[in-house]
Amino acid sequence: MAGAPSTAIFSDIDGTLLNSASELTPATRQAIDAVQAAGIPFVIVTARGMQGTFPLLDRTGLVCPVVTYSGGVIMDADRSIIHHHGLTRAQAAEVVAFVEGEHLDATWSAYSFEDWVAPRVDDPRIKAEERIVCARAREGAVSSIERDEVQKIMCLCSAGATYEVERRLRERFPELAIAQSSPTLIEVMRADTSKASAVRTFCDLYGIGPADALAFGDNYNDVPMLDAVGHGYLMANAPAELAASYPLIAPSNDRDGIVLTLRALGYLS
């Protein structure tokens, strides 16, 4: 593509772009402005849904391409959808039936574009997620979703139950993409959905070589994205077992780790 940027910077949101108080610091915002002014796309890549991402963009005034649902929906800076895919309603209902029928220690949410459905909106785990993403779920079943495309089923686990719930899901649904995105959250998506595939799709669309790109993330579901680019940085606040073996570590999200890394690499003065 003529005039295409030579690189891009991809960033997870929670635990990476935002600090522990879920704030975008002034230093990080200034860094984003600086790289964008230099013609480098800054791309948010998140497991959050569209409904949970828009409030962050509106609150901070960020205007940038966004990957939501770990690649289920990709939007340009104008929030126009340029790529999407997901499970069918029938596939999503099968996952939900397993979670409920096996009495796994988790509740679920289903996401289809801007629709967010949960079985009980008064569940404390749903309420906690609503506070984090500044959006609200609606109460209903998967069958109530209008479009036959469900980008994600999210299992919100009770403390200490996540690994067991993940193990059971992987055993039952080996054909799906299943990954932890936090100590209590598990994402269940179509097999070809990942932050890595989203980065490659974005690079293809914008004529960017992934080997020239940077990426930042802090959790298990970010590692494929970090490995898909030439310069993938795991935040120092990542789980210890990840940080112990990952080759490139950025300072923590509470130390403006993205800013410090971009400055060290010469992207910022």
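Structure: above.
So, on to the overall build of the protein. Secondary structure summary: the protein contains 10 helices and 14 strands in total. Taken over the C-alpha trace, the protein has a radius of gyration of 18 Å; the compact-globule value for 269 residues is 18 Å, and the two agree within 12%. Principal-axis analysis of the C-alpha atoms gives the protein an extent of 55 × 40 × 35 Å. Looking at the protein as a whole, 54% of its 269 residues qualify as buried. Considering only residue pairs separated by 6 or more positions, the protein has 58% of its internal contacts joining residues 24 or more positions apart. With the model as given, the accessible surface of the protein reaches about 11,200 Å², and the carbon-plus-sulfur share is 52%.

Under the criterion given, the structure shown has 17 salt bridges. One salt bridge in this structure joins Asp-12 and Lys-195, with 3.0 Å as the shortest N-O distance. With Asp-12 in the loop between strand S1 (9-11) and helix H1 (13-17) and Lys-195 in helix H7 (residues 195-206), this pair connects stretches of sequence that are 183 residues apart. As far as the burial class goes, Asp-12 and Lys-195 line up, both buried.

Moving on, we get to the sheet that holds strand S3 (residues 66-68). With mixed pairing, the 8 strands of this open sheet are ordered in space as S5-S4-S3-S2-S1-S12-S13-S14. Taken across any chain shown, the strands that pair with only one partner, and hence form the sheet edges, are strand S5 (81-84) and strand S14 (249-250). Here S3 runs beside strand S4 (residues 73-75); their pairing, made up of 3 bridges, is antiparallel. Bridge pairing in S4 places Thr-68 opposite Val-73. Sheet contacts for helix H3 (residues 50-60): strand S2 (42-45), S3, S4 and S5; angle to S3, the most-contacted strand, approximately 150°.

Within strand S11 (residues 185-189), 5 of the 5 residues are buried, which leaves it mostly tucked inside the rest of the structure. Across the two faces of S11 the burial is the same, with Leu-185, Glu-187 and Met-189 and Ile-186 and Val-188 all buried. By the bridge criterion, 4 bridges tie strand S9 (residues 152-157) to S11 in an arrangement that is antiparallel. Of the residues in S11, the one forming a bridge with Cys-155 is Ile-186. Linkage of strand S10 (residues 177-182) to S11, two consecutive antiparallel strands, is achieved through a turn of 2 residues.

Attention now goes to the packing of helix H4 (residues 89-101) against helix H6 (residues 162-172). As a packed pair, H4 and H6 sit with axes 11 Å apart at the nearest point and diverge in direction by 130°. Taken as axis vectors, H4 and H6 run oblique relative to one another. The chirality of how H4 crosses H6 is right-handed. Across the interface between the two elements, Glu-94, Val-95, Phe-98 and Val-99 of H4 pack against Arg-168, Leu-169 and Arg-172 of H6. Grouping the constituent residues of the contact of H4 with H6 by class yields 4 nonpolar, no polar and 3 charged.

Moving on: the layout of surface pockets. Of the pockets and cavities examined, the largest pocket occupies roughly 610 Å³. What lines the largest pocket is a set of 35 residues, and nearest its centre among them are Asp-14, Glu-129, Ile-132, Ser-182 and Leu-185. Going through the elements one at a time, H1, H3, helix H5 (124-133), S9, S10 and S11 are the ones with two or more residues in the lining of the largest pocket. The leading source of residues in the lining of the largest pocket is H5, at 5 residues. For the lining of the largest pocket, the class distribution of residues is 11 nonpolar, 14 polar and 10 charged.

A few words on the packing of aromatic side chains. Within the structure shown, the criterion is met by 6 aromatic pairs. An angle of 90° between the planes, with centres 5.6 Å apart, marks the rings of Phe-98 and Phe-173 as edge-to-face. Placement of Phe-98 in helix H4 and of Phe-173 in the loop between H6 and S10 is noted, with a sequence separation of 75 residues between them. In this structure, Phe-98 and Phe-173 share a single accessibility class: buried. Where Tyr-111 meets Trp-116, the ring centres are 5.5 Å apart and the plane angle is 20°; that geometry is what we call stacked. An identical accessibility class is assigned to Tyr-111 and Trp-116; each is buried. Taken together, the aromatic side chains of Phe-10, Phe-202 and Tyr-206 make up a single cluster linked through ring pairs.

With respect to the element layout, His-85 can be found in the loop between S5 and H4. Of the residues examined, His-85 reaches a relative accessible area of 9% and is grouped as buried. Each residue touching His-85, except ones within four places of it in the same chain, is listed here: Gly-71, Gly-72, Glu-149, Gln-151, Arg-190, Asp-192 and Thr-193.

Thresholds applied
In this numbering scheme, every chain counts its residues from 1 along its sequence in written order. Residue-level local features of this predicted model are given only where pLDDT is at least 70; pairs of side-chain atoms are given and counted only at 80 or more, and the full residue set underlies all totals for whole chains, interfaces and linings. Only hydrogens and water are set aside when side-chain values are computed; all heavy atoms of the structure are taken into account. Helix numbers and strand numbers start at the N terminus; a helix is a DSSP run of H or I with at least 4 residues, a strand a run of E with at least 2. The quantity called the radius of gyration is restricted to C-alpha atoms. Its globule counterpart is 2.2 Å times the number of residues to the power 0.38. Only protein chains enter the accessibility calculation, which uses a 1.4 Å probe. A residue is then buried if its area is under 20% of the maximum for its type, exposed if over 50%, and partly exposed in between. Any two residues whose heavy atoms approach within 4.5 Å at even a single point are treated as in contact. Surface exposure here means Shrake-Rupley accessible area, sampled with a 1.4 Å probe, where a residue is shielded only by the protein chains that are shown. Salt bridge, as used here, is a side-chain nitrogen of Lys or Arg placed within 4 Å of a carboxyl oxygen of Asp or Glu. For two strands to count as paired, DSSP must find a minimum of two bridges between them. Angular values range over 0 to 180 degrees, each being the angle between N-to-C directions of two axes fitted as lines to C-alpha atoms, with helices fitted over their stretch in contact. Any angle that is under 35 degrees is reported as roughly parallel, and any over 145 degrees as roughly antiparallel; angles of 65 to 115 degrees are reported as roughly perpendicular and all others as oblique. The crossing is said to be left-handed when, going from far helix to near helix, the turn is anticlockwise and less than a right angle, and right-handed when the turn is clockwise. Note on residue categories: nonpolar means Ala, Val, Leu, Ile, Met, Phe, Trp, Tyr, Cys or Pro, charged means Asp, Glu, Lys or Arg, and polar means any other residue, Gly included. Using a grid of 1 Å spacing that covers the protein atoms alone, one calls a set of points a cavity when a 1.4 Å probe fits there but cannot get out, and a pocket when the set is open and has protein on both sides within 12 Å along at least five of seven lines; lining residues are those with an atom within 4 Å of a point. Grid points are joined across faces, edges and corners, and a volume is the space filled by probe spheres set on the points. Within 6.5 Å between ring centres, the rings of Phe, Tyr and Trp (the latter by its six-membered ring) count as paired, and their orientation is classed by plane angle as stacked under 30 degrees, edge-to-face over 60, tilted in between.

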